[in-house]
Structures are given as C-alpha cells and as structure tokens.
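Each chain, written out:
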Amino acid sequence: MTFWQENYSFIKEVYDTRYTKMVEWMDNVEMAIQKVCASKVYTSAEFKREKDNFQSLCKNLERAETKRWLTETLETLMKERAADEQKAESSKLKSVMERHKALIPKIQETLVKTECYWKCYSYGDDLIPIFEFIDDLRNRSVKEVLSANNEHTEEHIEKQDKVLNQLENKRKMVMDFISKGEKLMEDPNCPKFLEGHVKKLKEAWEDTNEKAQTRKKALVDNLNSWETFEEKKVECHKHLDTADAEFDSIKKIFDLKNGPADYNNRMKTAANYRATIEEVFGITSGANDILQQMLPEEKKGEMNDQITELKNRMDILGKTDEKLAFIDDFNKRLNVFDVGVGEMENWLGEGRKRLDCIKNPPEEMSPEDRVTKSMELQEDLNKKSDFTKKLETEKEDIFPKQGEKVSSDAKKFIERLKKVRATLDALDAEVSGECAKFSEDVKYWAEFQTGIKVFEPWMKNAETRKTNGLQKPTSLVEACQILGDSKNLQDEAEAKMRVLEEASASANKMTSHKEADVKVQGFKVRWEAVYVVFKEWVARMTTLVECWNKLDGNVGELSSWVSTKDSSAPDGSSEISIEKLETQLNTLKSMFAEKQKLVSDLDDLGPSGGAAPAAPAAPAAPAEAAPAPAEDAAAEQPPAEEAPAS
C-alpha cells in the first residue's frame, strides 16, 4: 500500500480544509466587494476600513500555488478511488476554479473603483471646512437685522460689505474645488454621492452669494427708503393741500356754456391730481414697506401711522370725484331745467294764441266747440301746471336755498320760472273764466237748438204745403174745410214764430251769436214767405166762403119763393112777378159770376204747373116758374152737374 493510500484520510482532511478556506476567501472577497460598492455613503474613516479590508484580501489575488496544490493533491488522491467519487470531487474543484477565475476581473475592477471612491471620500472631507465657511457667511446674510434709522442701516451695510469681500476672496478656492469635483465625476467609476457633494457645493455657494447680495440690496434699499420716505411724505402732503383747495373751489355755475367748460377743466385737473398723488403716495408707501422689514416693533406703528394719515387725507380724491359727479349731474339737470322753462315759455305763447282764437275765432264756432276747445286748453294748462310744479321742485333742489347767496345767473333762471308761473296762472284764470262763460253759452245754445229743432221741420213742411198750394173747392163744405185748414196754417205759423223768437232770445244771451242770428234771420225770411201766403189763403177763402154762402142763400130763397107761388096758383090768389123773378135771377147770375171769379183766382195759389179745378155751377131755376126772359138767363148758367149743392 502506498503512502497516499495509507494516509488518505489525513490528506483528504487537509485538502478539504484548504478547499474550504479557498471558498471562504472568495466569499469574503465578494462580501468586501459588496460593502465597498454599496449605495451607502460612508464616512471617510468607515470607507477606509472597508477599503483596507478589501485590499488585504486581495494581496494574493491569483492564488496560483493554492490552485495548483489543490489540483495536484486531488489528482493523486483520486487515482485509486471510484470513478463516481473522482467525478464528483473533480466537478467541485472545477466549479471553485471557475468561480475564482470569474471573480478576478470583478476584484480588479473593484480595486480600481476603490481608489476612485477613496479620492471622492477624501474630496468630501476637504469640503467640510468650505461648507462651514459658506454656511457661516450665509447665516450672517440671512439673520434678522433691525434698523431704526439710516445710521443703523449704514452700519449693517459695512458689515455686509465684509461678508461680500470674504466671499470674493474665497471665490477662486471654491471654484477650484467645484472643478476638481467635476473632474472626478468624469471617471465612470465615480460614486453617485460625489455628484450630490458637487451640486450641494454649487448650490450653497450660489445661494450664499445670492443671499449676501440680496441682503446688501435690501440694506441699500432701506437706506434709500429713509430718504425717499421723508421727501415723498412732505411732497404728498403738499399735493393733498392743493387738492383740498381745488375741492373747495368747485362750485355750481349757473351758466349753460361756462358750467360744462369749467367742469371739463376741473375733471382734467382732478385726474392729474389723482395720478400725481397716487404716484407719490405709492412711492411713500413702498418706501415704508421696505423700512417695515427692518424696523423694530416699537417703531413700526409710528411709521404706519404716518402712512395712514396720508391715506386718510387721500379721501379728498374720492370726495372730489363725488363732487364733480354732482356738478356733472347739476349741469345736466340745469340744462333740462332750461329746456323745460324754454318749452313752457314757448307753450305759453301758443296757449295765448289758442285762447285768443277761442275768444275771437276767425270763423264762426259753435258753443260746444268753444267749450270743447276751452276744456282741452284747460286740460293742457293743468298738465303744464304739473310740469311747472316739477320745475319748481327741481329749482328747490338745484338752486341756492333761502338765505344763501344767489348769483346773477341763477337769478335769471329763477325770474324766468316765476314769470312762467305767473303767466300760466293768469292764463289759467282767464281760461277758467272763459270756459265758465262758454258753459252758459252751451245752455243757451241748447235752448236755441231745441227751438230750432221744433221750428225747422215745421218750416220745411210749411214750405212744402205752400208749394203744393190750395185746391179748388167743389162745394161749400169743402171750401169751409179749406178755409179751416188755412186758418190752422196761419195760427200754427204764428205759434212757430213765437218759438223761433224764444230761441233767438236764448241765442242773444250767448257770448257770440252771429251764427244763430244768421240762422234766425234766414228762418224769419222763409217764415215770412209762407206766412204771407197762408194769410192770403185765409183772406181769399173767407171771401169765397162768404160769397158762396150768400149765393146758396139766395138760391134757396128763390127756390122757396117759386114753390110758394106754384102752390097758390090754382085758386088764382097770386101770380109770379116777372120783374121780381128777373131781378132775382140777375142777382143770382151776378153772384155766381163773382163766385166763379173767386174760384178762378185760386189758380194763382194752386200747385206749380197744376191746373185749377173747374168752377162749380149755380143751381138751375124751376122751368115752369121761369118766364121767357128767365129762360134766357138760365141758358147762360153752367151745366147742371157743376152746380154746387144747396
């Protein structure tokens, strides 16, 4: 049995130990790599420990002797071992060798990173005093400072200038550090935290410079604001004094031309004052805002009170605007007032003409029209009176009150309105009086019209009756009837004349009765025409009836006498006197001719273009009683059928 076979267990144990240590070393190296490359940011001392540990593990990086010993020893030990065991152990060793081979580039890369990381950690250590310096200057630039006057501010400015000088002196060093960090960042193995360090350094430097410059500017602004505040405060008060004086000088001007012109000029002046005062106040208030940032608490109220005083005085700008708005409204109202008074003045002239036309119309006007026009004028006067009351109310609002001074221009408007009111009241009183008169006229006119309405239809009927004329009577009874009708017409005409005269008397009581007089006169002429005819009709018919009546009496008497003689003839006591009979017949003949002439004369009174009726015949005498001469007289009488009834 060989040495290796006899000592297999011991050698195998040694082999396993060295194998295990090889694996443990690789495990420790990988763990060290993880710690060195971890995302955690170490302090420089902590990283140095990790770096030194890693570098100590990597002193015998190749491990060539160990790998060779393990390979050779495993080869000798496995010569007489089973194939499966040989294969398993060879596979284990091979995997370790491959792991070591794969680990070497990673270790070499980590060694390079470790050097870069160490430089970065050293860079971070060097930044600590720089950050302390920057933070100190920054704190000095942002700490609260108080200034109660410009002398305090000047002291702070001197201190801040020192801060700026220190920053300027360290500028090159800081820029170099920033450049060094940026150069380290160019290394691809540079850790991420370095970018944060460089960025923080840049930001801290820029922020500190900005804060220092801002503090210096704030101090300079504060120093300037002390001067600005005092200067602009005085200037603002002066402008406000001028604005107060301008406000007091704004007055109402009772002139339609100068008032608006003055208003426009004052509007421009007010706008200029507002712009100037607001600008100066804004500068003063802005200066106070700057001073307030550094003022001690006990000083802030005093400064703000001065601004409040200016702000309260600036109310004059709003008051001026309100007063100018009032003046603008006053100018408009004065113009409307002037137009209203002018309209009233013009209307009063027209109203005078209207009343004159009613009182003395250019052509005849009925009382109803007079009253209607008077009432229309009265209604218009009432409306104009209401309108004038509004003007008077407006006058109380826009014109000076009693006891106040009144300008000459204002007096002109007031006098015009007074004149309008006086003229209006006088015209109203006159119209009321005339309207009362015309109202009486309406009553008389109504009485007149009532009489005319009675008279005029009768007049037309009477004229128609006159035109138709008288009919020729055919009997005494008919003649009597015609006579009665004619007398009725005459009586009725006289009665209607009394109606017309009463209507005329009512018309004469009217203020103007020319039209009524003309109408009455016309009716009287027409009445006279028919009355004369009716009167003539009565006269003629009276004569005719009397003649006819006498004729009928004689005829009856003659007939009675003849009859008497006829009855006494047989005893021969008496005889008809021929002479007496002839005389009676001649009388009848004469009377009949007269009656016929009277009837014939009625043709002149007959209807236009109409033929008068035939005259009635006288009654025939008894044949047996008439002597020979009587027969001749009877032969001359009209036909028997035309004789009137006895």
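These numbers come from a predicted model, not from an experiment.

### Some points on the overall build of the protein
Then step 1. Looking only at helices and strands, the protein has 16 helices and 0 strands in total.
Then step 2. Taking all 646 residues of the protein together, 36% fall into the buried category.
Then step 3. Considering only contacts in the protein between residues 6 or more positions apart, those separated by 24 or more positions represent 84%.
Then step 4. About 37,000 Å² of surface is accessible on the protein, with carbon and sulfur atoms providing 50% of the total.

### A short note on the packing of aromatic side chains
Then step 1. Inspection of the entire model under this criterion finds 9 aromatic pairs.
Then step 2. Ring plane angle 50° and centroid distance 5.4 Å describe the contact between F534 and W537, whose orientation is recorded as tilted. Here W537 and F534 lie together in helix 14 (residues 514-568), a separation of 3 residues that amounts to about one turn. In this pair, the class of F534 matches that of W537, namely buried.
Then step 3. An aromatic cluster is present here, built from F254, F330, F337, F399 and F413 joined pairwise through their rings.
Then step 4. Its guanidinium or amino end placed over the ring of F131, K200 lies 5.1 Å from that ring's centre, counting from NZ or CZ.
Then step 5. The lysine or arginine in question, K323, covers the ring of F247, its NZ or CZ lying 4.4 Å from the ring centre.

### Describing the pattern of salt bridges
Then step 1. If you walk through the whole model with that rule in mind, you get 31 salt bridges.
Then step 2. One salt bridge in this structure joins R333 and D329, with 3.7 Å as the shortest N-O distance. Here the residue R333 and the residue D329 both occupy positions in helix 10 (residues 315-359), the gap between them amounting to 4 residues, near one helical turn.
Then step 3. When salt bridges with common partners are traced through the structure, they connect D329, R333, E394 and D397 into a single cluster.

### Quick word on the packing of helix 8 (residues 258-292) against helix 9 (residues 297-313)
In a packed pair of helices, the relevant descriptors are the angle between the two axes and the axis-to-axis distance.
Then step 1. Here helix 8 crosses helix 9 at 165°, and the two axes come no closer than 10 Å. Here helix 9 runs roughly antiparallel to helix 8, going by the angle between their axes. Like other packed secondary-structure pairs, helix 8 and helix 9 cross with a definite hand, here left-handed. Residue-level contacts link F281, T284, S285, N288, L291 and Q292 of helix 8 to K300, M303, N304, I307, L310 and K311 of helix 9.

### With respect to the packing of helix 7 (residues 192-249) against helix 9
Then step 1. Two elements in contact, helix 7 and helix 9, have axes whose closest approach is 9 Å; the angle formed by their N-to-C orientations is 25°. Looking at the two axes, helix 7 sits roughly parallel to helix 9. In this structure, the crossing between helix 7 and helix 9 has a hand that is left-handed. Contacts between helix 7 and helix 9 involve W226, F229, K233, C236, H237, L240, D241 and D244 on the former and, on the latter, K299, M303, Q306, I307, E309, L310 and R313.
Then step 2. Here the residues of the contact of helix 7 with helix 9 are counted per class, giving 7 nonpolar, 2 polar and 6 charged.

### Focus on the environment of T320
Then step 1. With respect to the secondary-structure elements, T320 resides in helix 10.
Then step 2. On the accessibility criterion, T320 (7% relative accessible area) is buried.
Then step 3. Each C-alpha atom, one on T320 and one on A243, is 8.3 Å from the other, the two residues being 77 residues apart in sequence.
Then step 4. Excluding its chain neighbours within four sequence positions, the residues that come into contact with T320 are F247, I250 and A270.

### Considering the environment of E235
Then step 1. In this structure, E235 sits in helix 7.
Then step 2. For E235, a relative accessible area of 26% gives the class partly exposed.
Then step 3. For the pair E235 and F281, spaced 46 residues apart in the sequence, the C-alpha separation amounts to 9.1 Å.

### Here's the deal with the nonpolar core
Then step 1. Core analysis: the biggest nonpolar cluster contains 31 residues, and W458 and W527 have the highest contact counts within it.
Then step 2. Mapped by element, the contributors of at least two residues to this core are helix 12 (408-468), helix 13 (476-508) and helix 14.
Then step 3. When residues of this core are assigned to their parent elements, the largest contribution, 14 residues, is made by helix 14.

### Some remarks on a negative patch on the surface
Then step 1. On the surface, E151, E154, E155 and E158 cluster together into a patch of negative charge.
Then step 2. What makes E151 partly exposed here is its relative accessible area of 43%.

### Quick word on the side chain of K232
Then step 1. One can find K232 in helix 7.
Then step 2. At 3.2 Å, the side chain of K232 forms a polar contact with the side chain of E235.
Then step 3. Those residues within four positions of K232 in sequence are excluded, and the remaining contacts are V280, I283 and T284.

### Some details on the side chain of Q378
Then step 1. Relative to the helices and strands, Q378 is located in helix 11 (residues 367-398).
Then step 2. In contact with Q378, other than residues within four places in its own chain, are D428, V431 and S432.

### Here's the deal with the confidence of the model for the protein
Then step 1. On average, the protein scores 77 in pLDDT, and the residues at 70 or more come to 75%.
Then step 2. Counting interchain partners and residues more than four positions distant, the pLDDT-below-50 stretch residues 606-646 has 60 contacts.

Cut-offs and rules
- Residues numbered from 1 in each chain as written.
- Predicted model: local features only at pLDDT ≥ 70, side-chain atom pairs only at ≥ 80, totals over all residues.
- Heavy atoms only, no water.
- Helix = DSSP H or I, 4+ residues; strand = E, 2+ residues; numbered from the N terminus.
- Buried < 20%, exposed > 50% of the residue type's maximum accessible area, 1.4 Å probe, protein only.
- Contact = heavy atoms within 4.5 Å.
- Areas by Shrake-Rupley, 256 points an atom, 1.4 Å probe, with all protein chains shown as cover.
- Phe/Tyr/Trp six-rings, centres within 6.5 Å; stacked < 30°, edge-to-face > 60°.
- Lys NZ or Arg CZ within 6 Å of the ring centre and 35° of its normal.
- Salt bridge = Lys/Arg side-chain N within 4 Å of Asp/Glu carboxyl O.
- Axes fitted to C-alpha atoms, helices over the stretch in contact; angles between N-to-C directions.
- Parallel < 35°, antiparallel > 145°, perpendicular 65-115°, else oblique.
- Left-handed = near helix turned anticlockwise from the far one by under 90°.
- Nonpolar A, V, L, I, M, F, W, Y, C, P; charged D, E, K, R; others polar.
- Core = buried A, V, L, I, M, F, W, Y, C linked by side-chain atoms within 4.5 Å.
- Patch = residues over 30% accessible without salt bridge, like charges linked within 9 Å, V, L, I, M, F, W, Y side chains within 5 Å.
- Lys, Arg positive; Asp, Glu negative; His and termini not counted.
- Charge placed at Lys NZ, Arg CZ, Asp CG, Glu CD.
- Polar contact = N/O pair within 3.5 Å; in protein donor to acceptor, adjacent residues only side chain to side chain.
- pLDDT = per-residue confidence, 0-100.

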